[in-house]
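Residue-level structural notes
Residue-level listing of the chains:
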Amino acid sequence: MSEPPKASQNEYWSVDSQPAKLSGRVPLWKAPAVLATFTALGALSLIVLQNDALLGSFFTANDWVFAPVPGQHFIAIRHFLLAFFVSFGVFANGSAIVRLKFIADLVVSFLAICLAIDLFSVFLWQAFDVPISLRNLQIATGLIGFAIFSARLYTWGEMPAPVHMAVTPAHPLRSFGRFWVLVALAGILSWWVNQLDLQTVFWLRGRALLGGLGPGVFLFLPSFFFMMYLLAVWDRRKEKYARDFAPDVTIVIPAHNEEYIIAATLQAIDKAAARYSGQVTVYVVNNNSIDGTFDVANTTFDRFEHAKGVVINEPRPGKAHALNTGFAAVTTGLVIRIDADTQIDPDSLRFALRHFTDPHLGCLGGVPNTRGRSFFERARLAEVLINHGYYAIANTAIDGQVAIPGMFAVYHSDLVRKLGGFAFGLNGEDSDMSMRIGELGYRIQVDPQVRYESEVPATYAHMREQRMRWFRSAFHITARCREATEFRNPSLRGWLVLPIMLLNTAVRTMGIPLVIFGLIELLEPFDTGPRPLWTAVAAVILGAPTLVALGAIIINKTPRAILCLPEYTVFRMMRAYFTLESMLSIKLSGRKQKSPIQLPELEQITLPLALEPDTSEAKGPASV
């Protein structure tokens, strides 16, 4: 593989970075202001409740718990959530009136649900002698608080218009059945381990890997995903594909100011074409570039030995416009989308395309790789092995995978055209496409043998732009695919996966505030009864994700990534900070949800003869 430059030297900010109608730029001071306000408000609320005799007599749990519930808890989670709701709302992206209404909606909704849960808990205790401990009550209301935040931000925020979708998942009963069986098994396993007096558990808790709230809480998700991964691997054993299946394929590369790296990307494709016996045609769609992208791509095509290529100009700025122009010109049945900064491995084409002997496979992706030349690259190496090499594969066990990243994605070209092409004016056009293909009943799959190297931002500013864009996409995809979430459509992705994505975004948004609040409660002046153990606070930073990362690294047979775990741990907190900034960028309006729109099919276009790649020479046998 050619040696690409270490990092982008061009202007990484583009029209796709910040969809103007849906979000706005976030000044660097805004997230620190949220954290400072939260720290002051959280500490003050604890002092008031602790020292006010009237409040203390009513809220005996030293938290906003409305009824006497037996037991103790380690963190005043309702204090935390209410302080965060107010602090976030003060600095959210909207007018003063809208922000006040947003805060009121969050606070009133959460307190009303807390009151209802507390009264119901007392009813169960008094009527049926079924006490619910305060600790379990706090865990439950904490999850509800995260869910309320994501739901209200989704409702109040400006979101893309939904599209009419054909929601016909292939095996909905199997997907839901597998999901709930695995949930039950993970719950039973976590409960069982929690009852055991295991020395290993005490060792892990003492090092903040399982926290201080009991191993059952922290073991549930890791055990759930591990069982899903095993089930996915079992399913893959039944997959059949022909190793000599090599249909002609077109590769579409949207390129905006990619002079510095496009040659390396194209050279890697030509090397992969040498090991692939089908004809490979490459379209570089020059998207409003002002550098030498056009000339460099043409020069590189002239040196091609195994593939054919052509440069197409698309003057409208925006990656979706470039993609749609390229896909509209495709004449092959299969098409691959590759980002301009992505260099594929020599075997990626033949490994990827062999799967498409299965007509029910709609979209396929691979696993990125990095060289570990910088802090961000080392952290990214661990991250991709977890997200792409583990979680994405596990999700296929329940047909629950949503996103196949546009770095490398294989599609049926007629499916993309049928669905109207890629969406402009939102974040996550790649996830939107793979999600809608999956909802048509096609399988979405990841092959860990399909590897590629995609550029990792080298600067803080570039990483911030990338992650804010990525983290907003969970909300944008949920809004665009709203019909999949409706009760009339039996969609596991719509009913469960998309809401869980929003919930996970809310948890990550509050990651740093949660650490701050735990540290506040550890201080002597803020005595609220039992204090959180330092391991419980540290577990937010370390915790089960560290164990999951270690397991994913071992599964993917990449031992060098173990050395990247310290960088990955630090980077996880950076991701939490970027998520907070990303949520602050969402424009609040409170407008009613838009009506679904009907997308026309993407029309086929014919390239001018002067632009068509020369395919007159028959390609010789693949060299392996």
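Thresholds applied
Residues numbered from 1 in each chain as written. Predicted model: local features only at pLDDT ≥ 70, side-chain atom pairs only at ≥ 80, totals over all residues. Heavy atoms only, no water. Helix = DSSP H or I, 4+ residues; strand = E, 2+ residues; numbered from the N terminus. Polar contact = N/O pair within 3.5 Å; in protein donor to acceptor, adjacent residues only side chain to side chain. Contact = heavy atoms within 4.5 Å. Salt bridge = Lys/Arg side-chain N within 4 Å of Asp/Glu carboxyl O. Buried < 20%, exposed > 50% of the residue type's maximum accessible area, 1.4 Å probe, protein only. Axes fitted to C-alpha atoms, helices over the stretch in contact; angles between N-to-C directions. Parallel < 35°, antiparallel > 145°, perpendicular 65-115°, else oblique. Nonpolar A, V, L, I, M, F, W, Y, C, P; charged D, E, K, R; others polar. Core = buried A, V, L, I, M, F, W, Y, C linked by side-chain atoms within 4.5 Å. Pairing = 2+ DSSP bridges. Phe/Tyr/Trp six-rings, centres within 6.5 Å; stacked < 30°, edge-to-face > 60°. Lys NZ or Arg CZ within 6 Å of the ring centre and 35° of its normal.

1. Looking at the side chain of Arg337
The residue Arg337 is located in strand β4 (residues 334-338) in this model. Here the side chain of Arg337 touches Glu429 through a polar contact of 2.6 Å, side chain to side chain. Setting aside its immediate chain neighbours within four residues, Arg337 contacts Val252, Lys319, Leu323, Phe327, Gly406, Met407, Phe408, Ala409, Tyr411, Phe422, Glu429 and Asp430.

2. Topic: the pattern of salt bridges
Scanning the model with the defined rule gives 28 salt bridges in all. Close ionic contact of Asp447 with Arg236 constitutes a salt bridge, the shortest N to O distance being 3.7 Å. Here Asp447, found in strand β8 (residues 443-454), pairs with Arg236, found in helix α8 (residues 215-237); they are 211 residues apart in sequence, far enough to count as distant. Across the salt bridge formed by Arg380 and Glu383, the nearest N and O atoms sit 2.8 Å from each other. One end of the pair is Arg380 and the other is Glu383, both in helix α13 (residues 375-395) and three residues apart, which spans about a single turn. For the pair shown, Arg380 and Glu383 are each scored as buried. When salt bridges with common partners are traced through the structure, they connect Lys319, Arg337, Asp339 and Glu429 into a single cluster.

3. Points about the packing of α13 against helix α16 (residues 460-480)
In the contact formed by α13 and α16, the axes pass within 12 Å of each other and the chain directions differ by 25°. Of the possible angle classes, the one that applies to α13 and α16 is roughly parallel. Touching Phe376, Arg380 and Glu383 of α13 are Tyr460, Met463, Arg467 and Trp470, all from α16. Taken together, the residues that form the contact of α13 with α16 break down as four nonpolar, no polar and three charged.

4. Section: the nonpolar core
As a rule of thumb, soluble globular proteins bury nonpolar side chains together. Counting 68 residues, the largest nonpolar core has Val252, Tyr283, Phe327, Tyr411, Phe422 and Ile437 as the members making the most contacts within it. Residues contacting Tyr411, with those up to four places away along its chain left out, are Phe327, Gly333, Leu334, Val335, Arg337, Gly362, Cys363, Val416, Phe422, Met433 and Ile437. Of all hydrophobic cores here, the second largest spans 65 residues; its members include Ile75, Phe149, Met574 and Met583.

5. Some thoughts on the pairing of strand β7 (residues 408-412)
For β7, the buried fraction is high: five of the five residues fall into the buried class. Residues Phe408, Val410 and His412 point to one face of β7 and Ala409 and Tyr411 to the other, with burial holding for every one of them. Note that β4 and β7 share five bridges and pair antiparallel. Its bridge partner lying in β7, Val335 is registered against Tyr411. When strand β6 (residues 361-369) meets β7, the two strands line up antiparallel, connected through three bridges. Bridge assignment links Gly365 to a residue of β7, and that residue is Ala409.

6. Some details on the environment of Ile386
Structurally, the position occupied by Ile386 is in helix α13. Taking C-alpha positions, Ile386 is 7.5 Å from Val548, a pair spaced 162 residues apart along the chain. In this structure Ile386 touches Tyr391, Val548, Ala549, Ala552 and Tyr568, once residues within four positions along its chain are discounted.

7. Re the packing of aromatic side chains
For any two aromatic rings, the description comes down to two numbers: the centre-to-centre distance and the angle of the planes. Under the definition given, this model contains 31 aromatic pairs. Ring centres 6.5 Å apart and planes at 70° place the aromatic pair Phe38 and Phe84 in the edge-to-face group. Highlighted residues: Phe38 in helix α1 (residues 30-51) and Phe84 in helix α3 (residues 77-90), separated in sequence by 46 residues. For the residue pair Phe38 and Phe84, the accessibility class agrees, reading buried in each case. Taking the centre distance of 5.0 Å and the plane angle of 85° together, the rings of Phe88 and Phe149 count as edge-to-face. Linking Phe88 in helix α3 with Phe149 in helix α5 (residues 134-156), this pair joins segments that are 61 residues apart in sequence. By relative accessible area, Phe149 is classed as buried at 0%. Joined through ring pairs, the aromatic side chains of Phe38, Phe80, Phe84, Phe85, Phe88, Phe102, Phe110, Phe149, Trp156 and Phe517 make up one cluster. Arg337 extends its terminal NZ or CZ atom over the ring of Phe422, reaching a point 5.5 Å from the ring centre.

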